[in-house]
Amino acid sequence: MDSAELIERLRREGGFRLLPLLGNTGQVAGVHLARFLPGGHLDVIQAWDERWAVWARMPDSLDPAEPFAGPDGGVVRSGPLARVAAPLLPLQSGLTRL
C-alpha cells in the first residue's frame, strides 16, 4: 500500500482530517492529520514521506495560562508511515501492528 492509499484510509476509515504540512519556506512538505476521540483525546499524525512520520495522542485540553504549552500525559511514536498508522486503523493485510 502506498502512502496516498494509506492517507486515504486514515481519512475514510480512521476519521482523520487532512491539512498540508508546511515547511520553513511555506511550501507543502507533507501532511498533517488530526482526529478527536471520545473521552477527550486528540490523535495527530505528521508525515513527511513514506519513511518518516510521527504520531501523538494527547489529552484534548488547554491551559489558559499557557495556551502554547504541550499537554502532559501524551504518547508519541515515530517511524515509517505504515508502522505509525497501523495501530490507528482496523487491522488489514499489508499493515503491521506496533
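In case you missed it, the structure is sitting above this.
Small disclaimer: the values here were computed from a predicted structure and weren't measured.

Novice: Hey, could you run me through the overall build of the protein chain in this one?
Specialist: Within the protein chain one finds two helices and five strands. Counted from the first residue to the last, the protein chain has its helices and strands arranged as α-β-β-β-β-β-α. Relative to its full complement of 98 residues, the protein chain shows a buried share of 30%. Counting contacts in the protein chain only where the partners sit at least 6 residues apart, residues at least 24 apart contribute 32% of the total.

Novice: Is there a simple way to explain the environment of S3 in this structure?
Specialist: Summarising the element assignment, S3 is placed in helix 1 (residues 3-12). Sequence separation between S3 and R51 is 48 residues, and the spatial gap between their C-alpha atoms is 9.5 Å. When neighbours within four sequence positions are excluded, S3 is seen to be in contact with E50 and L81.

Novice: Looking at this structure, how should I read the pairing of strand 4 (residues 52-59)?
Specialist: Across eight bridges, strand 3 (residues 41-49) lies against strand 4 in antiparallel orientation. Within strand 4, the residue paired with Q46 across the bridge is V54. Between strand 3 and strand 4, which follow one another and run antiparallel, lie two residues. Across five bridges, the pairing between strand 4 and strand 5 (residues 75-79) is antiparallel. Each bridged residue has a counterpart across the sheet, and for W55 the counterpart in strand 5 is R77.

Conventions and cut-offs
- Residues numbered from 1 in each chain as written.
- Predicted model: local features only at pLDDT ≥ 70, side-chain atom pairs only at ≥ 80, totals over all residues.
- Heavy atoms only, no water.
- Helix = DSSP H or I, 4+ residues; strand = E, 2+ residues; numbered from the N terminus.
- Buried < 20%, exposed > 50% of the residue type's maximum accessible area, 1.4 Å probe, protein only.
- Contact = heavy atoms within 4.5 Å.
- Pairing = 2+ DSSP bridges.

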